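Geometric and topological summary
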Amino acid sequence: MVRNGARRKSGKSDCPTARGRGVQLGISDEEQGYDLDLFCIPKHYVNDLERVYIPHGLILDRTERLAREIMCDMGGHHIVALCVLKGGYKFFADLLDYIKALNRNSDRSIPMTVDFIRLKSYCNDQSTGEIKVIGGDDLSTLTGKNVLIVEDIIDTGKTMKTLLQLLKRYNPKMVKVASLLVKRTPRSVGYRPDFVGFEVPDKFVVGYALDYNEYFRDLNHICVISESGKEKYKA
Amino acid sequence: MTHRCGGKDGRIVIEDDWPGYSLDLFTYPEHYCGDLQSVYIPHGVIMDRTERLARNIMDDLGDHDIVILCVLKGGYKFCADLVEFIKALSRNSRKSLPMRVDFIRLKSYLNDQSTASLHIVGEEDLSFLRGKNVLIVEAIVDTGKTMKALLKHVEAFEPKMVKVAGLLVKRVSSGVGSFPDYVGFEIPNRFVVGYALDYNERFRDLHHICVISEQGKTKYKI
């Protein structure tokens, strides 16, 4: 696997982790992933997957580091952690667990409240990028707070851009986005989240709460789906 | 703490006079200093008990497709951890439990009192449950009224089967009881927080289940 992606300009330099911020783990186009037999896979998915792309333990280790960077950047003021369902929920749960571990083991501690939202596109035509937020608390609870949006994957970036515009209207103090994966795709509108786990090629990946027609959310590694898997679980 | 003898219908019973552990024996976030009285159920014990519930669920439902219905927001930690344990069993044993996870948001507490009405926030259409085996995952069953109302709502969509897993069940004298099929701990009628259980949205970011102090109740009152 390739290790470092582009190093972006980091902000605060007083925090010990500042020198690492903005670095993301880039996975090259040529990366094949691991043979399924090298890991444990649920019996019911054994024929539906091609390769293990990002092992679960690696996801956790990377997430642990993101938690520290988030603490550095956003610590000192109440955070509202906003989970984008359904894909975001595993990453959200694990990320928050690491932040909580930091909170109870250091001198700095951020009070956090949580909320869960679902995003629905207004119509099937994806080019409009219009979205509707369902299920969260009244968004006015975000006013004056540091908001951390937690998402599983950023593809073109249109949805996130639209969500950010929407949230701006409620005057949060700060809004940052943590995404486990960011796709390297020519269809990107150029949006980059503040905290990125892995930068990946434009492959269709499943697992760790990323689904294919609602399947594979219960797989803990991020994997590449097989042709037979695609057929089997077709809508 | 005392425990009733094991087996899949068992539950860990916490007696009325259990005061909890001193806060000084564990770690917790600095920002809750003064707001907690004691550690009622340490995180590690919650995890170990949840691991066993996963096995019980697997024994009962293994090899059947299930839809997990997570009751937000309080159920999110228990659901995430329970699903993790079931997944671990799925990839390491002969049985395997194909699971889909979905979420429903209920509102039923004001300060520390449970209200009777079922208030579903967001999507109410549960037609994706039709013909499926459903496992409702809830953090706490108090009077049982909310769970009863939720079951009624779910059953209207004609699932094949519905089971309920509750991490905590309160021992309440009113006995409206719709006892979950899988119970982590049976507890007295105390208001507990932590492990995603809140008091007016606070304390969800605490990993042990704790008893809130009077100072905490006043501080975060609405």
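Calculation notes
- Residues numbered from 1 in each chain as written.
- Chains lettered and ligands numbered in written order.
- Predicted model: local features only at pLDDT ≥ 70, side-chain atom pairs only at ≥ 80, totals over all residues.
- Heavy atoms only, no water.
- UniProt positions renumbered as here; feature names shortened; annotations may be inferred.
- Helix = DSSP H or I, 4+ residues; strand = E, 2+ residues; numbered from the N terminus.
- Buried < 20%, exposed > 50% of the residue type's maximum accessible area, 1.4 Å probe, protein only.
- Areas by Shrake-Rupley, 256 points an atom, 1.4 Å probe, with all protein chains shown as cover.
- Contact = heavy atoms within 4.5 Å.
- Pairing = 2+ DSSP bridges.
- Buried area = accessible area lost by both parts, 1.4 Å probe.
- Salt bridge = Lys/Arg side-chain N within 4 Å of Asp/Glu carboxyl O.
- Polar contact = N/O pair within 3.5 Å; in protein donor to acceptor, adjacent residues only side chain to side chain.
- Nonpolar A, V, L, I, M, F, W, Y, C, P; charged D, E, K, R; others polar.
- Core = buried A, V, L, I, M, F, W, Y, C linked by side-chain atoms within 4.5 Å.
- Expected span 1.5 Å × (residues − 1).
- Phe/Tyr/Trp six-rings, centres within 6.5 Å; stacked < 30°, edge-to-face > 60°.
- Lys NZ or Arg CZ within 6 Å of the ring centre and 35° of its normal.

- By the naming in an unreviewed UniProt entry, chain A goes by Hypoxanthine phosphoribosyltransferase and is assigned to Scleropages formosus.
- Per its UniProt entry, chain A bears the Subcellular location (unreviewed entry) comment "Cytoplasm".
- Annotation of chain A in UniProt includes, under Cofactor (unreviewed entry), the sentence "Mg(2+)".

1. Details of the overall build of chain A
- Looking only at helices and strands, chain A features four helices and 10 strands.
- Ordered by position from N to C terminus, the α and β elements of chain A give β-β-α-β-α-β-β-β-α-β-β-β-β-α.
- The 235 residues of chain A split such that 55% are buried.
- On chain A, roughly 10,500 Å² of surface is accessible, and the fraction owed to carbon and sulfur atoms is 48%.

2. Brief notes about the overall build of chain B
- Helices and strands together make up the secondary structure of chain B, namely four helices and 11 strands.
- In chain B, which comprises 222 residues, the share counted as buried stands at 58%.
- Put simply, of all contacts in chain B between residues at least 6 apart along the chain, 69% involve residues at least 24 apart.
- Per element, the accessible surface of chain B, about 9,200 Å² overall, is 50% carbon and sulfur.

3. Quick look at the sheet that holds strand S10 (residues 192-193) of chain B
All names here are of chain B.
- Across the sheet, three strands lie side by side as S3-S11-S10; this open sheet has antiparallel pairing. In this open sheet, the two edge strands, each paired with only one partner strand, are strand S3 (36-41) and S10.
- In the sheet, S3 pairs with strand S11 (residues 209-212) via four bridges, with the strands oriented antiparallel. Paired with Leu 36 across the two strands is Ile 212, which belongs to S11.

4. What about the interface of chain B and chain A?
- In this complex, chain B contributes 38 residues to the contact, which on the side of chain A involves 41 residues.
- Summing both sides of the interface, chain B and chain A together bury roughly 3,400 Å²; the carbon and sulfur share of this comes to 55%.
- If you sort the residues of chain B by the area they bury against chain A, Tyr 76, Arg 91 and Phe 103 of chain B come out on top, with a joint share of 18%.
- There are eight salt bridges connecting chain B and chain A.
- With its nearest N and O atoms 2.8 Å apart, the salt bridge here joins Lys 77 of chain B to Asp 97 of chain A.
- The tally of links between chain B and chain A comes to 12 residue pairs in polar contact (both at pLDDT 80 or more).
- Elements with a minimum of two residues in the side of chain B that touches chain A: helix H2 (76-92) and strand S5 (99-110) of chain B.
- Among the residues forming the side of chain B that touches chain A, the class breakdown is 13 nonpolar, seven polar and 18 charged.

5. Notes on the nonpolar core
- Counting residues in each nonpolar core, the largest one holds 84 residues, and the members touching the most others are Leu 95 and Ile 222 of chain A together with Leu 168 and Ile 209 of chain B.
- Looking at which element gives the most residues to this core, the answer is H2 of chain B, with eight residues.
- Beyond its immediate sequence surroundings of up to four residues, Ile 209 of chain B is in contact with Val 39, Tyr 40, Ile 41, Ile 46, Leu 167, Leu 168, Val 192, Val 193, Gly 194, Tyr 195 and Leu 197 of chain B.

6. Things to note about the sheet that holds strand S9 (residues 205-206) of chain A
All names here are of chain A.
- Across the sheet, three strands lie side by side as S2-S10-S9; this open sheet has antiparallel pairing. Edge positions in the sheet fall to strand S2 (49-54) and S9, since each of these pairs with one other strand and no more.
- Here four bridges tie S2 to strand S10 (residues 222-225), and the two strands are oriented antiparallel to one another. Counted as the bridge partner of Leu 49 is Ile 225 from S10.

7. Focus on the pattern of salt bridges
- According to the stated counting rule, one finds 36 salt bridges over all chains in the structure shown.
- Residue Arg 204 of chain B is joined to Glu 201 of chain B by a salt bridge in which the shortest nitrogen-to-oxygen separation is 3.2 Å.
- A relative accessible area of 5% places Arg 204 of chain B in the buried class.
- What emerges from the salt-bridge pattern is a single network uniting Asp 115 and Asp 137 of chain A together with Lys 73, Arg 105, Asp 198, Glu 201 and Arg 204 of chain B.

8. Some words on helix H2 (residues 89-105) of chain A
All names here are of chain A.
- Helix length check: H2, at 17 residues, gives a terminal C-alpha distance of 24 Å against a target of 24 Å (1.5 Å per residue), a fit within 8%.
- Most of H2 sits out of view: 12 of its 17 residues are buried.
- Within H2, burial applies to Tyr 89, Lys 90, Phe 91, Phe 92, Ala 93, Asp 94, Leu 95, Leu 96, Ile 99, Lys 100, Asn 103 and Arg 104.

9. Description of the pairing of strand S4 (residues 112-121) of chain A
Residue and element names in this part refer to chain A.
- One ladder, built from seven bridges, connects strand S3 (residues 79-85) with S4; its direction is parallel. Bridge assignment links Ile 79 to a residue of S4, and that residue is Met 112.
- Bridging between S4 and strand S5 (residues 131-134) involves four bridges; their strand directions are antiparallel. Within S5, the residue paired with Lys 120 across the bridge is Lys 132.

10. Observations regarding the packing of aromatic side chains
- The tally for this structure, following the rule as stated, stands at 16 aromatic pairs over all chains.
- Residues Phe 204 of chain A and Tyr 212 of chain A carry aromatic rings whose centres are separated by 5.7 Å and whose planes lie at 80° to one another, so their mutual orientation is edge-to-face.
- In this structure Phe 204 of chain A comes out as partly exposed when scored by relative accessible area, which is 39%.
- Exposure remark for Tyr 212 of chain A: the relative accessible area of 15% places this residue in the buried category.
- Ring pairs connect the aromatic residues Tyr 45, Tyr 215, Phe 216 and Tyr 233 of chain A, which therefore count as one cluster.
- Across from the ring centre of Tyr 215 of chain A, 5.9 Å away, lies the NZ or CZ of Arg 100 of chain B, which sits over that ring.

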